[in-house]
Amino acid sequence: MSDLAFITDGTAAVVFLIAGLIDAGVNHCPNNGCFAKNEVQAYNSFSVGTTHFQENEVGEEFYFRRETGRADGPFQRVWGVSASTDGELWAGIGHAYTVPLPWRNFHFQMNAMTGLYAEGSGVDLGGPIEFRSGFSVGYVNNSGVRMSLSIDHRSNLGIYSENPGLETVQFRVSIPTN
């Protein structure tokens, strides 16, 4: 089992859902509705990092993610695409949930996405439908640019007979857009 085992069993996705639902109930339901559409700051995010499979570093990955200007309650709509040095490709859509941390200019973000995966000469994850969940911790500078360390996990949640997972540890820069 990987050193990143705490996210390989879907724990990050469950925490994402619970935290977001609590936030929706406390901060969104009394005002405009728990999952009412609202406008939020959009970002273009660029990440580079290493991919890990069964305790081994297996490659590098470039990941572009668009955090749209729309949210459903506290859940911001996102989409992303990634490519690895092993020819792995992934593209998906989903949501991100971001909360400010008590320290000035720091934030914590979780995400859950559904996508399509092509293994290239990389890791066989069991099938083409792969779910990506993860979290990041970062700093926001005075211009609104976020710089984060991120860990995510891809797997098929057991919809295929084989369900290995692939983790990515990455550095992300998110640039606000209007």
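Residues numbered from 1 in each chain as written. Predicted model: local features only at pLDDT ≥ 70, side-chain atom pairs only at ≥ 80, totals over all residues. Heavy atoms only, no water.

## With respect to the overall build of the protein
Piece 1. A count of helices and strands for the protein gives 2 helices and 9 strands.
Piece 2. Counting every position in the protein, which comprises 178 residues, the buried fraction comes to 43%.
Piece 3. Put simply, 56% of the contacts in the protein that link residues at least 6 apart link residues at least 24 apart.
Piece 4. Working note: accessible area of the protein is about 8900 Å², and carbon and sulfur atoms make up 62% of it. (Helix = DSSP H or I, 4+ residues; strand = E, 2+ residues; numbered from the N terminus. Buried < 20%, exposed > 50% of the residue type's maximum accessible area, 1.4 Å probe, protein only. Contact = heavy atoms within 4.5 Å. Areas by Shrake-Rupley, 256 points an atom, 1.4 Å probe, with all protein chains shown as cover.)

## Description of the nonpolar core
Piece 1. One finds F53, Y63, V78, W90, A96, M113, Y117, V123, L125 and L166 forming the largest nonpolar core, which totals 10 residues.
Piece 2. Elements that contribute at least two residues to this core include exactly strand 5 (89-100) and strand 6 (106-118). (Core = buried A, V, L, I, M, F, W, Y, C linked by side-chain atoms within 4.5 Å.)

## Brief notes about the pattern of salt bridges
Piece 1. By the definition in use, this model includes 7 salt bridges.
Piece 2. Close ionic contact of D72 with R77 constitutes a salt bridge, the shortest N to O distance being 2.9 Å.
Piece 3. A salt bridge links D152 to R132, with the nearest nitrogen and oxygen atoms 2.8 Å apart. Residue D152 is located in strand 8 (residues 146-155), and its partner R132 is located in strand 7 (residues 129-140); the two are separated by 20 residues in the primary sequence. (Salt bridge = Lys/Arg side-chain N within 4 Å of Asp/Glu carboxyl O.)

The analysis is restricted to geometry; functional conclusions fall outside its scope.
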